[in-house]
Amino acid sequence: MKLKEALEEVREEFDAGAMVISSVRDRPLEDEIQAAGDEREAWVEWGEITQDEVSVPATHILFLDEDGYMMRDGSGMSVVSARDYARLGR
């Protein structure tokens with residue numbers, strides 16, 4: 001699926017205030033959806049994020065290369081609820 005479609009699908013799972021965590025910056029999910037203008041292919045999977053012995057559920061959005069394989073370059077992002085974002089101390 002396309003990145004914007006993936007972000008909109010993920011939005012249905014979270015309350016307002018969900019946060020996107022990436023290697024570049026953290027920002028609200030709504031801001032990320034508004035900025036998602038590219039047509040990158042993405043894969044969505046569910047898991048968790050662990051930081052300083054705190055684990056929270058997260059939805060991971062991973063980018064796919066031209067052959068449909070997950071890129072391993074750290075360019076993906078994770079979405080967590082606002083409450084869990086605070087629990088991570090971010």
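Just so it is clear, the model here is predicted, and its values are computed rather than measured.

### So, the overall build of the protein chain
Counting its regular elements, the protein chain contains three helices and five strands. Counted from the first residue to the last, the protein chain has its helices and strands arranged as α-β-β-α-β-β-β-α. Its C-alpha atoms give the protein chain a radius of gyration of 13 Å, near enough to 12 Å, the size a compact globule of 90 residues would have. C-alpha extents for the protein chain along the principal axes are approximately 35 × 25 × 20 Å. Counting all 90 residues of the protein chain, 37% fall into the buried class. Taking all contacts inside the protein chain whose residues are at least 6 apart in sequence as the whole, residues at least 24 apart take part in 51%.

### Regarding the packing of aromatic side chains
Counted by the stated rule, this structure contains zero aromatic pairs. If you follow R40 out to its NZ or CZ, it ends over the ring of F63, 4.0 Å from the centre.

### Observations regarding the sheet that holds strand β5 (residues 77-80)
The five strands lie next to each other as β2-β1-β5-β4-β3, forming an open sheet whose pairing is antiparallel. The sheet is open, and its two edges are formed by β2 (26-28) and β3 (42-51), each paired on a single side. Strand-to-strand twist of the sheet, defined as the mean angle between neighbouring strand axes without regard to direction, takes the value 30 degrees. Two strands pair when backbone bridges link them, and strand β4 (residues 54-63) and β5 are joined in this way by three bridges, in the antiparallel orientation. Paired with I61 across the two strands is M77, which belongs to β5. Of the strands in this sheet, β3, β4 and β5 touch helix α1 (residues 3-11), which is tilted by about 150 degrees from β4.

### Re the pattern of salt bridges
Enumeration over the complete set of coordinates arrives at five salt bridges. The salt bridge partner of R11 is E30, with a shortest N-O separation of 3.0 Å. In this pair, R11 is assigned in helix α1 and E30 in helix α2 (residues 29-35), connecting sequence segments 19 residues apart. A salt bridge links R27 to E32, with the shortest nitrogen-to-oxygen separation between them at 2.9 Å. Given the relative accessible area of 17%, R27 is considered buried. Here E32 falls in the buried class, since its relative accessible area comes to 13%. Residues joined in a network through salt bridges with shared partners are R83, D84 and R87.

What counts and how
- Residues numbered from 1 in each chain as written.
- Predicted model: local features only at pLDDT ≥ 70, side-chain atom pairs only at ≥ 80, totals over all residues.
- Heavy atoms only, no water.
- Helix = DSSP H or I, 4+ residues; strand = E, 2+ residues; numbered from the N terminus.
- Rg over C-alpha atoms; globule rule 2.2 N^0.38 Å.
- Buried < 20%, exposed > 50% of the residue type's maximum accessible area, 1.4 Å probe, protein only.
- Contact = heavy atoms within 4.5 Å.
- Phe/Tyr/Trp six-rings, centres within 6.5 Å; stacked < 30°, edge-to-face > 60°.
- Lys NZ or Arg CZ within 6 Å of the ring centre and 35° of its normal.
- Pairing = 2+ DSSP bridges.
- Axes fitted to C-alpha atoms, helices over the stretch in contact; angles between N-to-C directions.
- Salt bridge = Lys/Arg side-chain N within 4 Å of Asp/Glu carboxyl O.

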